[in-house]
Amino acid sequence: MSAATKRLVVVAEHAQGRLAPVTWELLACARQVAPALELEITAVVLGQEPQPLAQEIARRSGVKTWAVEVEGLAHFHGEAQRLALAGLLPRLEAQVVLGAHSTSGLDWAPALATDLGAAYIPGVESVSRGADGPAFWRSAHFGKAREKLTPETWPLVLTVQPGAFEAAPPGEVGQGKVEAIRLSAPPCRTKVLELVEGAGADAGLGRAQVVVAAGRGVGEKENLELLRRVAGLFSSAALAGSRPVCDLGWLGYGQQVGLTGATVAPRLYLACGISGALQHTVGMQGSGFVVAINSDPQAAIFNLADVCVVEDLTAFLSALLEMAGG
Ligand SMILES: Cc1cc2nc3c(=O)[nH]c(=O)nc-3n(C[C@H](O)[C@H](O)[C@H](O)COP(=O)(O)OP(=O)(O)OC[C@H]3O[C@@H](n4cnc5c(N)ncnc54)[C@H](O)[C@@H]3O)c2cc1C
């Protein structure tokens, strides 16, 4: 690695041997940030067997990728990831570090910024060009305002909202180089003992083209049947819920959308009785078309809805089903 080259480093997100879609979105964001700063775009994959994923990134994006084998990092462990990155990134001359604004990204990114003495901008949704380099935009006040930030110092750690940047379509763009690095187990203060997959984790949410999502406004568990019947009108649909609905046990946690749940980007997202808290919308804002049904005309979900239905959801969904003959 050349000491003179300053880099933008994308930290790949992956689980169970597969790259998370947000990794390609991070690369899309990187392409908007790196040229103005004259940085080389690179990626790192950390894990126990990072080679295949590093190869996939290098092949599909053309960027140089480091396969960083970290002893003992069999499952995601925020502390181990942060310590490994804190040791590695200065060696890579990282000026900008990009991670996902996801549960795992939020686990390591703020602490990493502190370790590196870096500026930290979380939740980036878009990039614009300012006089002195890129400026970063994110939502503020539960989506009612937008905030523009620029770093005063370098290096810079950014987390990027899943769904905010459009990933380049998959394709072969010329093989990037893959370099292997081995790191010994970081000196963690915590240890992951076990990883237990949640019940219903494979709810088909990620693949569904239509997601019908229930919020607390559904009122009672029995009303979910209406949403199930609406989902049944489509050939590729899944039922999802906000966190309160999953906390109440009306749906499994595998069906929760949001910061601590799944990130989905279906063609149609039907939000039924969901207020639009940021912790929910981060998980669905990449949806192609959003229809929100809420009895409160001021509900924040209407800020990102394409169609706003101010109505009692049971009345609206019943009428919809009647019209559709479902
Ligand atoms: C660290 C952290 C992580 C979190 N992670 C998540 C997450 O992953 N996912 C998530 O969803 N939340 C998450 N939350 C919770 C989040 O902050 C909100 O509390 C939650 O999203 C609210 O869910 P809701 O919209 O269903 O309920 P509420 O905010 O209670 O909204 C219910 C809505 O229903 C409407 N309504 C009521 N009755 C009717 C009716 N008859 N017809 C139509 N509309 C009606 C109301 O006007 C209201 O807007 C998290 C919170 C924290 C602190």
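Source: prediction; values computed, not measured.

What counts and how
Residues numbered from 1 in each chain as written. Predicted model: local features only at pLDDT ≥ 70, side-chain atom pairs only at ≥ 80, totals over all residues. Heavy atoms only, no water. Salt bridge = Lys/Arg side-chain N within 4 Å of Asp/Glu carboxyl O. Helix = DSSP H or I, 4+ residues; strand = E, 2+ residues; numbered from the N terminus. Buried < 20%, exposed > 50% of the residue type's maximum accessible area, 1.4 Å probe, protein only. Pairing = 2+ DSSP bridges. Near = heavy atom within 4 Å. Polar contact = N/O pair within 3.5 Å; in protein donor to acceptor, adjacent residues only side chain to side chain. Areas by Shrake-Rupley, 256 points an atom, 1.4 Å probe, with all protein chains shown as cover. Nonpolar A, V, L, I, M, F, W, Y, C, P; charged D, E, K, R; others polar. Core = buried A, V, L, I, M, F, W, Y, C linked by side-chain atoms within 4.5 Å. Contact = heavy atoms within 4.5 Å. Axes fitted to C-alpha atoms, helices over the stretch in contact; angles between N-to-C directions. Left-handed = near helix turned anticlockwise from the far one by under 90°.

### Some words on the pattern of salt bridges
For step 1, the next point in the chain: Tallied over the full model, the rule gives 10 salt bridges.
For step 2, the next point in the chain: We note a salt bridge from Arg-182 to Glu-69, for which the minimum N-O separation is 3.6 Å. Placement of Arg-182 in strand 12 (residues 178-183) and of Glu-69 in strand 5 (residues 64-70) is noted, with a sequence separation of 113 residues between them.
For step 3, the next point in the chain: On the accessibility criterion, Glu-69 (30% relative accessible area) is partly exposed.
For step 4, the next point in the chain: The structure contains a network of salt bridges with shared partners spanning Lys-64, Lys-177 and Glu-179.

### Observations regarding the pairing of strand 1 (residues 7-11)
For step 1, the next point in the chain: Burial within strand 1 is extensive, with five of its five residues counted as buried.
For step 2, the next point in the chain: Neither face of strand 1 is left uncovered, since the one carrying Arg-7, Val-9 and Val-11 and the one carrying Leu-8 and Val-10 both have all their residues buried.
For step 3, the next point in the chain: Looking at chain direction, strand 1 and strand 6 (residues 94-100) are connected through four bridges and run parallel. Opposite Arg-7, over in strand 6, you have Ala-94 as the bridge partner.
For step 4, the next point in the chain: In the sheet, strand 1 pairs with strand 4 (residues 40-47) via five bridges, with the strands oriented parallel. What sits directly across from Val-10, in strand 4, is Ala-43.

### So, the site of the ligand
For step 1, the next point in the chain: Close to the ligand lie 24 residues, the nearest being Arg-216, Ser-242, Thr-260, Ser-275 and Asn-294.
For step 2, the next point in the chain: Take Arg-216: an N or O atom from its main chain is 2.7 Å from an oxygen atom of the ligand.
For step 3, the next point in the chain: Between Asn-294 and the ligand, the recorded distance is 2.7 Å, taken from a side-chain N or O atom to an oxygen atom.
For step 4, the next point in the chain: About the coverage of the ligand: the protein hides 72% of its 980 Å² of free accessible area.
For step 5, the next point in the chain: The set of elements that each furnish at least two residues to the shell around the ligand consists of helix 6 (243-247) and helix 7 (278-281).
For step 6, the next point in the chain: Among the residues forming the shell around the ligand, the class breakdown is six nonpolar, 13 polar and five charged.

### Section: the nonpolar core
For step 1, the next point in the chain: Leu-8, Val-10, Ile-57, Leu-98, Phe-136 and Leu-158 are the most contacted members of the largest nonpolar core, which has 32 residues in total.
For step 2, the next point in the chain: Counting only elements with at least two residues in this core, the list comes to strand 1, helix 1 (22-37), strand 4, helix 2 (51-61), strand 6, strand 7 (119-124) and strand 11 (156-160).
For step 3, the next point in the chain: Contact partners of Leu-98, with chain neighbours within four places excluded, come to Leu-8, Val-9, Val-10, Val-11, Leu-26, Cys-29, Ala-30, Leu-158 and Val-160.
For step 4, the next point in the chain: Core analysis: the next-biggest nonpolar cluster, separate from the first, contains 24 residues, Leu-89, Ala-94, Trp-108 and Ala-118 among them.

### Focus: the pairing of strand 8 (residues 126-130)
For step 1, the next point in the chain: Examined bridge by bridge, strand 8 and strand 9 (residues 133-140) share five bridges and lie antiparallel to one another. Paired with Ser-128 across the two strands is Ala-135, which belongs to strand 9.
For step 2, the next point in the chain: The antiparallel pairing of strand 8 with strand 9 creates a hairpin that spans two residues between the two strands.

### Brief notes about the packing of helix 3 (residues 78-88) against helix 4 (residues 103-116)
For step 1, the next point in the chain: Packing of helix 3 against helix 4 leaves a shortest axis separation of 9 Å and a crossing angle of 35 degrees. As helix 3 runs across helix 4, the sense of the crossing is right-handed. Contact residues: Gly-78, Gln-81, Arg-82, Leu-85 and Ala-86 in helix 3; Asp-107, Trp-108, Ala-111, Leu-112, Asp-115 and Leu-116 in helix 4.

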